[in-house]
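Secondary and tertiary structure notes
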Amino acid sequence: MCRHLAHVGPTPVTLASLVTEPEHSLLVQSYAPADMRGGGTVNADGFGVGWLGPADWHLYRRDDPMWTDASFLDLARGVGTTALVAAVRSATVGMPVSTAACAPFRADGRLFSHNGVVRGWPHSMADLAATLPALDLLTLDAATDSALLWALVRARLAAGKDVADAVAGVVAETLAAAPGSRLNLLVGDGEQIVATAVDHALSYRTYPDGAVTVASEPLDLHHGWVPVPDGSLLVARPGGVHDPPAVTVSAL
Ligand code: GLN
């Protein structure tokens, strides 16, 4: 199962400090993940990193393993950001391996990632998919469960829901339509991180300057990572130097 992470904070950090440099970085999790519940041994079907620049999100995605991309490893040391969403992918059997299928997906100033699988795909989701405008289906990022989940979240946002409500609603409807699905969803909008833990690992940590990182697996062994209980929704907003980040974890 894929691994993902998100970060938001008051001061810029390099992509490398989150994605490639920590002892159990996303790069390490691409070839030696520690907690791959539900199958898969490596996350080698591609990767994506989205970061907030001065005006908008930038997205770098490839359908190769992260460790083969020397140019990304170099770029990551030179780019700074206050908000990031990144993922390494282990494609679910039967789903396409392509750049467009690699999270994060970007739309309307937000990034989205999904760790897991929708059971009974695609038949189990036919009724939910039918609630979407045809154009949303014709413009899915890829023919994957993750891309459909993102379209369902976006439809709820377009209807006026806030991110936490939209994500929680899609998880509830998907579990009803496809019981047993693994649904760790993650949305970053530059100001907050909203994430779910549904049958998959998730942890977070905070920093003295008010930043917060959420990740499938802790990036190191020493920094007070807090596991998120299964069946939870996490909302994290950064603080400042005298102002701790606000992290709430509630039952879904
Ligand atoms: N099912 C999704 C995909 O194939 C996510 C895969 C995963 O979490 N391993 O892209």
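Quick notes on the rules
- Residues numbered from 1 in each chain as written.
- Predicted model: local features only at pLDDT ≥ 70, side-chain atom pairs only at ≥ 80, totals over all residues.
- Heavy atoms only, no water.
- Near = heavy atom within 4 Å.
- Polar contact = N/O pair within 3.5 Å; in protein donor to acceptor, adjacent residues only side chain to side chain.
- Areas by Shrake-Rupley, 256 points an atom, 1.4 Å probe, with all protein chains shown as cover.
- Helix = DSSP H or I, 4+ residues; strand = E, 2+ residues; numbered from the N terminus.
- Nonpolar A, V, L, I, M, F, W, Y, C, P; charged D, E, K, R; others polar.
- Core = buried A, V, L, I, M, F, W, Y, C linked by side-chain atoms within 4.5 Å.
- Buried < 20%, exposed > 50% of the residue type's maximum accessible area, 1.4 Å probe, protein only.
- Contact = heavy atoms within 4.5 Å.
- Pairing = 2+ DSSP bridges.
- Axes fitted to C-alpha atoms, helices over the stretch in contact; angles between N-to-C directions.
- Salt bridge = Lys/Arg side-chain N within 4 Å of Asp/Glu carboxyl O.

This brings us to the site of the ligand. Around the ligand, a shell composed of twelve residues is seen, among which C2, R89, S90, T92 and G116 lie nearest. With respect to the ligand, the backbone of G116 contributes an N or O atom lying 2.7 Å from an oxygen atom. In the complex, 99% of the free accessible area of the ligand, which totals 300 Å², lies under the protein chains. The set of elements that each furnish at least two residues to the shell around the ligand consists of β6 (110-117) and α6 (145-158). Sorting elements by how many residues they give to the shell around the ligand places β6 first, with three residues. Residues of the shell around the ligand, tallied by class, amount to four nonpolar, six polar and two charged.

To continue, consider the nonpolar core. Ranked by size, the top nonpolar core spans 30 residues in total, and within it F112, L149, V153 and V167 carry the most contacts. Secondary-structure elements contributing two or more residues to this core are β5 (105-107), α4 (126-129), α6, α7 (163-177), β7 (182-188) and β12 (232-237). No other element matches the eight residues that α6 contributes to this core. With residues up to four places along the chain from it excluded, the contact list for V167 reads V153, L185, V187, V194, T196 and L233. By size, the runner-up hydrophobic cluster in this structure holds 21 residues, among which are V49, W51, M66 and A215.

Turning next to the sheet that holds strand β9 (residues 203-206). One open sheet accounts for seven strands, arranged β3-β2-β4-β1-β10-β9-β11; its pairing is antiparallel. This sheet does not close on itself; its edge strands, each paired only once, are β3 (57-62) and β11 (226-227). Two elements, strand β1 (residues 3-14) and strand β10 (residues 212-215), share four bridges in a ladder whose sense is antiparallel. Note that in β10 the partner of H7 across the bridge is T213. The strands that helix α3 (residues 70-78) touches are β1, β2 (47-52), β3 and β4 (80-88); relative to β2, the one it contacts most, it runs at about 20°.

In this structure the tally under the stated criterion is six salt bridges. Here D64 makes a salt bridge to R62, at a shortest N to O gap of 2.5 Å. Under the relative-accessibility criterion, D64 is labelled partly exposed at 28%. Put simply, R182 and D199 hold a salt bridge, and the shortest N to O gap is 3.9 Å. Taken together, the positions of R182 in strand β7 and D199 in the loop between β8 (193-197) and β9 put the pair 17 residues apart, joining distant regions of the chain. According to the relative accessible area criterion, D199 is partly exposed, its value standing at 33%. Here the salt bridges share partners, and the residues they tie into one network are R62, D64 and D69.

The next subject is the environment of P244. Looking at where P244 falls in the secondary structure, it is placed in the loop between β12 and β13 (246-251). Placed 111 residues apart in sequence, P244 and P133 show a C-alpha to C-alpha distance of 41 Å.

Right, let's get into the sheet that holds β5. Spatially, six strands are ordered β5-β6-β7-β8-β12-β13 in an open sheet, and the strand pairing comes out antiparallel. The sheet is open, and its two borders are formed by β5 and β13, each paired with just one other strand. Pairwise comparison of adjacent strand axes, ignoring direction, gives a mean angle of 15° for this sheet. Direction of pairing for β7 relative to β8: antiparallel, over a ladder of three bridges. If you follow L186 over to β8, its bridge partner there is A195. Each of β5, β6 and β7 is contacted by α6, which is oriented at about 135° to β6, the strand it contacts most. Across the sheet, α7 touches β6, β7, β8 and β12, and the angle it forms with β7 is around 165°.

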